[in-house]
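Observations on the model geometry
The lines below spell out each chain.
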Amino acid sequence: MRTPLPIARILRVKALLLPVFAAALLAGLAWGSGGGGPGALWRSIAGLPLEDSVLADIFWKIRLPRVLLAALTGAVLSLGGLVFQALLRNPLAEPYILGISGGAAIGAILGILAGLPRFPWGSLAAFAGAMGTVGLLALFSSWRTGLGKDALLLSGVMINAFCGAVILFLISVTSDVRLFNILSWLMGDLSLAAMEQVALLAAVTAVSAAALFFLSHGMNLILLGRDTALSLGVRLEALTWVLLAVTSLMVGVSVSLCGLLGFVGLVMPHLMRLLFGPDHRVLVPACVLGGGAYMIFCDLLARILPRQGEMPVGVVTALIGAPAFIFLLRRAAR
Amino acid sequence: MRGRLRPALLPLALGLLVLLGAGKPEAGERRVVFDQLGRRLEVPADPRRVVALAESVTEIVFAVGRGERLVGTTRFADHPPEALRIPRVGTYIQLDIERIAALRPELCIGTRDGNPRAAVERLEALGIPVYVTHPMGLSAMLASIREIGRLLNAEGRAEELAGDLERRIARVAARAQAQGRRPRVFFQIGVDPVVSAGRGTFLHELIETAGGENAAGEAEGYPQYGAEHLVRLAPEVVVITTMTQGADFEAVRRAWGRFPNIPAVRDGRVHVVDAAVFNRPAPRLVDGLETLARLVHPAAASP
Amino acid sequence: MNPAAIAVQEVSFAYEEAAVLEGISFRVEEGDYFVIIGPNGSGKTTLLKLLCGLLKPRAGSIRLFGAPLSRRRRKALARLAALVPQAASAEAPFRVEEFVLLGRAPHQGLLGLETPEDLAIAREAMAFTGTAHLASRRLDRLSGGERQRVLIARAVCQRPRILLLDEPTAYLDLAHQAQIMDLMEALRAERGVTVVLVSHDVNLAAMYASRMLLLAAGRILAAGPPGEVIAKGPLEAAYGCPLAVETTPGGVPRVSLVPNGRRPAGRPPPGVREVRP
């Protein structure tokens, strides 16, 4: 009976997933509505001149920020799902279930209605909305309701429902072309990615992912239940709030930049768990790489599948995510 | 006499050509312009590859005779029919930056209402100048025709067109003034729910210029109406247009028929018009104006 | 005099308004096999949670080896006292081996990276509890008895001086009940661990305990060696029904139910054998 030390396992997982991630990255750069292809991409990387010189702009100035943004968003949402599934000990949890997305959406819509440019003010507004809901969550769950771990979940669901109603209200009173902007943002929109946004999200993601990695053993212990975790020396309250804060920061920024993208946070952690086991020290890096690759892939499909224009990425993640999830359920049942 | 003139014609013609040619700017030269949002732009003096970021811009470019310079346009550009052959670059709300870049335009012409600011910024970050029009009303639309003419070195044609449109508008306005009263007009642009156009919209200006009183005039933007409100508004003329394809207009007319007390229904003045003419701030809008004038004041026949 | 392993002084506790424990005082000496019994709702589980710091008393004090419980940091406390919850509540997606290793957490750093020493301790704990052969099985695929032993293995990994168990023999059949109780005795005898366990099975407790505590309605009705606690008076007062107490040939007290209350106390009717609880 040998247990490979976790470091060895982590490195093995990374060795498996890094090529997948790299392949997704290259695919995302190579294909798109402006043409290109792997051959041209290779030539561009090698510094060789291209026959169609505008392709260099397309690869590096248009597609690169977009692909990077997709990867970061995928990583953030998958990590968010991982953390919430551990915190709430509920396999259906994902960042949106606690209403953080609802708050971010309200902030973003108000920003659009006020005519603010999407970056940075619109994003700030969305982020403020996300943090607002976290504050509300903190308030509600500090009340002693005797609901235990479900208190957090129920508060979140209620806040989410309320936010949904507010969003519908805002949509209903918007009667001009800003409506389209709102809807396209709501459905997830990576098409206007720029390097400043990527830089911001990269910084936030790097810090958050590192923090979550260091807290990953704590997440393992949380899974044992409140009493056991406490009796093993876990400072449960502090850990819960730090996890919540870090994840909300990361998810808030991502949602504010890219809109609402469902299913990634739900499906990715389960997939990674199925492949690599329940140890969060391995799952954190797995979700970063796997989630990133998945989102790049979905974005690529969103760009090249329709004959005209592009589908909203949020639609692709749901269309793939839902059947994938059902498939996972069946495998888990066996 | 003809014999002696003919040899002189050739050098004369050549001389004229040279003179004309000297007046034309060289390709590669740039100049500074200010778009309708007041932004300062550097644009090519004679852009040959232009992408139109809205269907209305496409129509105007063709109307000033520069349609052949368009290398890209938005998805629903269908007028004039030649526009259908131009490659598409997405919709005016969701522009495909990659495709636009791949077409290597020297200039993009967009519109403030609809084109996302972020998209314009992305294009400019790639070194593509974007001229943004802001046709808020009839006179601003005429100004954008003249501006686009200037951008594309078609000032003559643009001035001709704008002047002609101005005259037609003036004629409609004068005839409207000459009528005694202003009938209440309800302009329906949405089928389900019923949506009209209030103050501050193009349609409002059209109705008023055509000699009607906009029944939705107390509201701003695009208000929604329930059946009760419509009955109370009691419009005398109802004009229906809708952006959805394949909507059953007859069914809509019948829906109005449920309220025979509404003057427009009682007098049979519920009309359906072609949406494309009223949607876009382009020359055809004046066609729409004239149609509207005829519907509002049928008695004042055009000469 | 050595400080007691656990010294409880005038402890009271209440959930919201309902008082659960009132004025509880007792001592557990190091190396005791201490069993807490009492009817449902008497506050046994609450007391156990207080003893390992999961709950804070409203009044009174608890000292572990002379130092107040409230002053100890969580992790230090975890190295001192380990809690074994009921088997039914263990629901985690881990394999047995991973799960048992989690018991080393109080001795590890933030990332919980397992050293070879940790692995050795875990392996040894599994051998001790007879669960080594279950190493790669999933926790939720085990039987009740197996899972209970795995939980104990995890607690043993904590290398505690005090082991607290909450009804470890509930839902187990007779053979497994004996197995668990024997395991506790082995821990106590071989490693000097102080065992404190809550049980609903009075007779089983009497067979193993060195000292017992009888709780009813949040108060102590009796404390001391089994012979003093398993007595008709306190037990009938605690459980509120007629009981018969006798001593087995081995000297272990045993209580049995009296089926209907009209029998004279202490005498079974002629020809009727005792009813085992």
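Remember, it's a predicted structure, so these values are computed and weren't measured experimentally. (Residues numbered from 1 in each chain as written. Chains lettered and ligands numbered in written order. Predicted model: local features only at pLDDT ≥ 70, side-chain atom pairs only at ≥ 80, totals over all residues.)

**Side note on the sheet that holds strand β8 (residues 194-198) of chain C**
All names here are of chain C. Here we have six strands laid out as an open sheet, ordered β6-β7-β8-β3-β9-β10, and mixed in their pairing. Looking at strand neighbours, the two that pair on one side only are β6 (81-84) and β10 (219-224), the edges of this open sheet. The average angle at which neighbouring strand axes cross in this sheet is 15°, direction not considered. By the bridge criterion, five bridges tie strand β7 (residues 162-166) to β8 in an arrangement that is parallel. Within the sheet, the bridge partner assigned to Leu165 lies in β8 and is Leu197. Contacts between helix α6 (residues 174-191) and the sheet are confined to β3 (33-37), β7 and β8, with β8 contributing the most and set at about 155° to the helix. (Pairing = 2+ DSSP bridges. Helix = DSSP H or I, 4+ residues; strand = E, 2+ residues; numbered from the N terminus. Axes fitted to C-alpha atoms, helices over the stretch in contact; angles between N-to-C directions. Contact = placed C-beta atoms within 7 Å.)

**Some details on the pairing of β7(C)**
Residue and element names in this part refer to chain C. Of all five residues that make up β7, five are buried, and the element is covered over most of its length. The alternating pattern of β7 places Ile162, Leu164 and Asp166 on one face and Leu163 and Leu165 on the opposite face, and all of these are buried. In terms of strand pairing, β6 meets β7 through four bridges, oriented parallel. Looking across to β7, one finds that Ala82 is bridged to Leu163. Note on the crossover from β7 through α6 to β8: the handedness is right-handed. (Buried ≥ 20, exposed ≤ 12 C-beta atoms within 10 Å, placed from the backbone. Right-handed = clockwise from strand over helix to strand, strands pointing away.)

**Regarding the interface of chain B and chain A**
Contacts between the two partners involve 24 residues from chain B, matched on the other side by 22 residues from chain A. Among the secondary structure elements, those contributing two or more residues to the side of chain B that touches chain A are α3 (97-102) and α4 (117-125) of chain B. Ranked by residues supplied to the side of chain B that touches chain A, first place goes to α3(B) with five residues. Its residues assigned to classes, the side of chain B that touches chain A comprises ten nonpolar, five polar and nine charged. (Nonpolar A, V, L, I, M, F, W, Y, C, P; charged D, E, K, R; others polar.)

**Quick notes on the sheet that holds strand β4 (residues 70-72) of chain B**
Residues and elements named next belong to chain B. Taken together, four strands build an open sheet; the order of strands is β4-β3-β5-β6 and the sheet is parallel. Two strands lie at the open edges of the sheet, namely β4 and β6 (130-133), each paired on one side alone. In this sheet, adjacent strand axes meet at a mean angle of 35° when their direction is disregarded. As defined by bridge partners, strand β5 (residues 107-111) adjoins β6 across four bridges and the pair is classed as parallel. Residue pairing for β6: Ile109 is matched across the bridge by Tyr131. Relative to the sheet, helix α2 (residues 55-63) contacts β3 (50-52), β4, β5 and β6, its axis offset from that of β3 by approximately 130°.

**As for the packing of helix α3 (residues 54-87) of chain A against helix α12 (residues 264-276) of chain A**
Residue and element names in this part refer to chain A. Contact geometry for α3 and α12: axes closest at 7 Å, N-to-C directions at 75°. Between α3 and α12, the angle falls in the class roughly perpendicular. The residues of α12 that touch α3, namely those facing Gly74, Leu77, Ser78, Gly80, Gly81, Leu82 and Gln85, are Val264, Gly265, Leu266, Met268 and Pro269. Here the contact of α3 with α12 is built from residues that sort into six nonpolar, six polar and no charged. (Parallel < 35°, antiparallel > 145°, perpendicular 65-115°, else oblique.)

**Points about the interface of chain A and chain C**
Frequently, the measure chosen for interface size is the accessible area removed from exposure when the parts meet. Counting residues at the interface gives 22 residues for chain A and 25 residues for chain C. Elements supplying a minimum of two residues to the side of chain A that touches chain C: α1 (6-30), α9 (216-222) and α10 (226-231) of chain A. Ranked by the residues each element gives to the side of chain A that touches chain C, the list is headed by α10(A), at four residues. In terms of residue class, the side of chain A that touches chain C is built from eleven nonpolar, seven polar and four charged.

**Concerning the domain arrangement of chain B**
Residue and element names in this part refer to chain B. Under the domain assignment, chain B is made up of domain 1 (26-161) and domain 2 (181-301). On a C-alpha basis, the centroid separation for the pair domain 1 and domain 2 is 30 Å. Contact residues are listed per partner, giving eleven residues for domain 1 and ten residues for domain 2. Looking at the side of domain 1 that touches domain 2, the elements that each hand over two or more residues are α2 and α5 (138-151). Across the side of domain 1 that touches domain 2, the residue classes tally to six nonpolar, three polar and two charged. (Domains from an automatic or database assignment.)

**Looking at the nonpolar core**
Burial of nonpolar side chains together is a common tendency in soluble globular proteins. In this structure, A:Leu79 and C:Leu164 are the most contacted members of the largest nonpolar core, which totals 264 residues. The greatest single-element share of this core, amounting to 19 residues, is contributed by α3(A). If you count residues domain by domain, this core takes at least three from each of domain 1 (26-161) and domain 2 (181-301) of chain B. When neighbours within four sequence positions are excluded, A:Leu79 is seen to be in contact with A:Ala209, A:Leu212, A:Met250, A:Val284, A:Cys287 and A:Val288. (Core = buried A, V, L, I, M, F, W, Y, C linked by C-beta atoms within 7 Å.)

**Re the environment of C:Ala206**
All names here are of chain C. With respect to the helices, strands and loops of the structure, Ala206 is situated in helix α7 (residues 202-208). Distance from Ala206 to Val255, taken between C-alpha atoms, is 9.5 Å for residues 49 residues apart in sequence. When near neighbours in sequence (up to four residues on either side) are disregarded, Ala206 contacts Pro226, Ile230, Val252, Pro253 and Arg254.

**Details of the pairing of β3(C)**
Residue and element names in this part refer to chain C. Counting buried residues along β3, five of its five residues qualify, which places the element largely inside the surrounding structure. Alternating positions in β3 separate into two faces, Tyr33, Val35 and Ile37 on one and Phe34 and Ile36 on the other, with burial throughout. When β3 meets β8, the two strands line up parallel, connected through four bridges. The residue of β8 that forms the bridge with Tyr33 is Val195. Across four bridges, the pairing between β3 and strand β9 (residues 211-216) is parallel. Its bridge partner lying in β9, Val35 is registered against Met212.

**Side note on the environment of B:Pro116**
Tracing the chain through its elements places B:Pro116 in the loop between β5 and α4. Taking the C-beta count within 10 Å as the criterion, B:Pro116 has 24 such neighbours and is therefore assigned buried.

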